Amino acid sequence: MLIGEDYPKIEFQAFGLDLVEPNAMLGDSIICAVALFIAFKIGKMPVQNTFFKSWKIFFIIFGIGFFFGGLGHMMYKYWGITGKYASWYSGIFTVFFIEQAMISLHSKENFKAIFNKIIRVKLILALFGATAVFMSVNLEADPSLGLRVPTLNTTIGLLFALGFLGFKYAKEITNGFKYLWISIIILIPTAFLQTLKISFHQWFDRNDASHILLIIGLLMYFASIKAYQKFLSFKN
């Protein structure tokens, strides 16, 4: 185990290329596969309103974003820090679609209109803020600085959409929404893993451990989505 610093990047060669971090590519690819499979399952559900469509888009962007994130890790010697931009930007968009999905179930139309305006403004501010950081900060010296705007945007969005609204809907609509606010609790350890740089092994570092928690989180999102779909089927 290593705390406070990272293990040296694993290097390997393939197709005449000098590549790094195959474990990151593997983990991100697994997340991509899980997310796209869930998106496929949501697309097969009988009801396709804003809630289900937005969640489907979330899983698609999330999966593709992580796949490119894996490529960014593996191709770092060639792409440098710019290879991470696609995954960082995708993270900003994924939060927007979670927010949009959850807001669509709010019982008061005036609140829905207000919240939808707020998340659109937040999306624009996050995109401009992230771009400003990417263009003005030396991220090669400290790549973690590039995550500050996406992380802040994600924290605010998920606490509102999954925490506040998830808890609200679990009481007002179906108890199945409890998995959303519980998922936030499950993902809290990722903050400690990343901030304190806690890695268990060179082949299973802090990012790999976080990936496992993320997959659990994705499955919990899907559990709530299925619970709501079941609620609608009984209601009709």
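Residues numbered from 1 in each chain as written. Predicted model: local features only at pLDDT ≥ 70, side-chain atom pairs only at ≥ 80, totals over all residues. Heavy atoms only, no water.

Chemist: Explain the overall build of the protein chain to me, and be specific about the residues and the numbers.
Modeler: The helix and strand tally for the protein chain stands at eight helices and four strands. From first element to last, N terminus to C terminus, the protein chain shows the α and β order β-β-β-α-α-α-α-α-α-α-β-α. Computed over the C-alpha atoms, the radius of gyration of the protein chain is 19 Å, within 12% of the 18 Å expected from 2.2 N^0.38 for a compact globule of 236 residues. Counting only C-alpha atoms and orienting by the principal axes, one finds that the protein chain spans roughly 60 × 35 × 35 Å. (Helix = DSSP H or I, 4+ residues; strand = E, 2+ residues; numbered from the N terminus. Rg over C-alpha atoms; globule rule 2.2 N^0.38 Å.)

Chemist: Residue-level account of the pairing of strand 2 (residues 11-14), with values.
Modeler: Across four bridges, the pairing between strand 2 and strand 3 (residues 17-20) is antiparallel. Bridge pairing links Glu11 to Val20 in strand 3. Once strand 2 ends, the chain turns through two residues before running back antiparallel as strand 3, passing Phe15 with a positive phi of about 55°. (Pairing = 2+ DSSP bridges.)

Chemist: Help me get a handle on the nonpolar core, residues and values and all.
Modeler: With 54 residues, the main nonpolar core has Phe51, Trp55, Phe59, Met102 and Tyr221 as its most contacted residues. If you list the elements that add at least two residues to this core, you get helix 1 (22-43), helix 2 (50-74), helix 4 (85-103), helix 5 (109-136), helix 6 (148-172), helix 7 (178-195) and helix 8 (206-235). Excluding residues that lie within four positions of it along the chain, Phe51 makes contacts with Ala101, Met102, Ser104, Leu105, Phe177, Ile225 and Tyr228. Leu19, Leu71, Met74 and Met75 belong to the second largest nonpolar core, which has five residues in total. (Core = buried A, V, L, I, M, F, W, Y, C linked by side-chain atoms within 4.5 Å. Buried < 20%, exposed > 50% of the residue type's maximum accessible area, 1.4 Å probe, protein only. Contact = heavy atoms within 4.5 Å.)

Chemist: I'd love a proper account of the pattern of salt bridges, names of residues and values included.
Modeler: Tallying each qualifying case throughout the model produces five salt bridges. Measuring nitrogen to oxygen at the nearest pair gives 2.8 Å for the salt bridge that ties Lys122 to Glu99. One end of the pair, Lys122, is in helix 5; the other, Glu99, is in helix 4, with 23 residues separating them in the sequence. In this structure, Glu109 engages Lys112 in a salt bridge whose closest nitrogen and oxygen atoms are separated by 3.3 Å. With a gap of three residues between them, Glu109 and Lys112 both fall in helix 5, about one helical turn apart. (Salt bridge = Lys/Arg side-chain N within 4 Å of Asp/Glu carboxyl O.)

Chemist: Provide a residue-level description of the packing of aromatic side chains, including the pertinent values.
Modeler: Centre-to-centre distance and the angle between the planes together describe a pair of aromatic rings. Overall, the coordinates contain 25 aromatic pairs when judged by the stated rule. Summarising the aromatic geometry, the rings of Phe115 and Phe160 are spaced 5.1 Å apart at their centres and angled 65° between planes, so their arrangement reads as edge-to-face. Here Phe115, found in helix 5, pairs with Phe160, found in helix 6; they are 45 residues apart in sequence, far enough to count as distant. Between Phe177 and Tyr228 the ring centres are 5.6 Å apart and the planes differ by 40°, which places this aromatic pair in the tilted class. Of the two residues, Phe177 is situated in the loop between helix 6 and helix 7 and Tyr228 in helix 8; the sequence distance between them amounts to 51 residues. (Phe/Tyr/Trp six-rings, centres within 6.5 Å; stacked < 30°, edge-to-face > 60°.)

Chemist: Any details on the packing of helix 5 against helix 6? Residues and values, ideally.
Modeler: Contact geometry for helix 5 and helix 6: axes closest at 9 Å, N-to-C directions at 165°. Put simply, helix 5 runs roughly antiparallel to helix 6. Two packed elements cross with a definite hand, and for helix 5 against helix 6 that hand is left-handed. Together, Phe115, Lys122, Ala126, Gly129, Ala130 and Val133 of helix 5 and Val149, Asn153, Ile156, Gly157 and Phe160 of helix 6 make up the contact between the two elements. (Axes fitted to C-alpha atoms, helices over the stretch in contact; angles between N-to-C directions. Parallel < 35°, antiparallel > 145°, perpendicular 65-115°, else oblique. Left-handed = near helix turned anticlockwise from the far one by under 90°.)

Chemist: Requested: an account of helix 2, with residues and values cited.
Modeler: Compared with an ideal rise of 1.5 Å per residue, which puts 25 residues at 36 Å, helix 2 spans 36 Å between its outermost C-alpha atoms and is within 8% of the ideal. A side-chain oxygen of the first residue of helix 2 lies 3.1 Å from the backbone nitrogen of Phe51; this N-cap is Asn49. (Expected span 1.5 Å × (residues − 1). Polar contact = N/O pair within 3.5 Å; in protein donor to acceptor, adjacent residues only side chain to side chain.)

Chemist: Run through the confidence of the model for the protein chain, naming residues and quoting values.
Modeler: Of the residues in the protein chain, 94% have a pLDDT of 70 or more, and the chain-wide mean is 90. Least confident of the elements in the protein chain is strand 1 (residues 2-3), whose mean pLDDT is 64; most confident is helix 4, at 96. (pLDDT = per-residue confidence, 0-100.)

Chemist: Go over the packing of helix 2 against helix 4, please, and point to the residues and values.
Modeler: It is at 8 Å that the axes of helix 2 and helix 4 come closest, and there the two elements cross at 165°. Comparing the axis directions of helix 2 and helix 4 gives the class roughly antiparallel. Remark: the crossing between helix 2 and helix 4 carries left-handed chirality. Two secondary-structure elements touch here, helix 2 through Thr50, Phe51, Ser54, Trp55, Ile57, Phe58, Ile61, Phe62, Gly65, Phe68 and Gly69 and helix 4 through Ala86, Ser87, Ser90, Phe93, Thr94, Phe97, Ile98, Gln100, Ala101 and Met102. Within the contact of helix 2 with helix 4, the residues separate by chemical class into 13 nonpolar, eight polar and no charged. (Nonpolar A, V, L, I, M, F, W, Y, C, P; charged D, E, K, R; others polar.)

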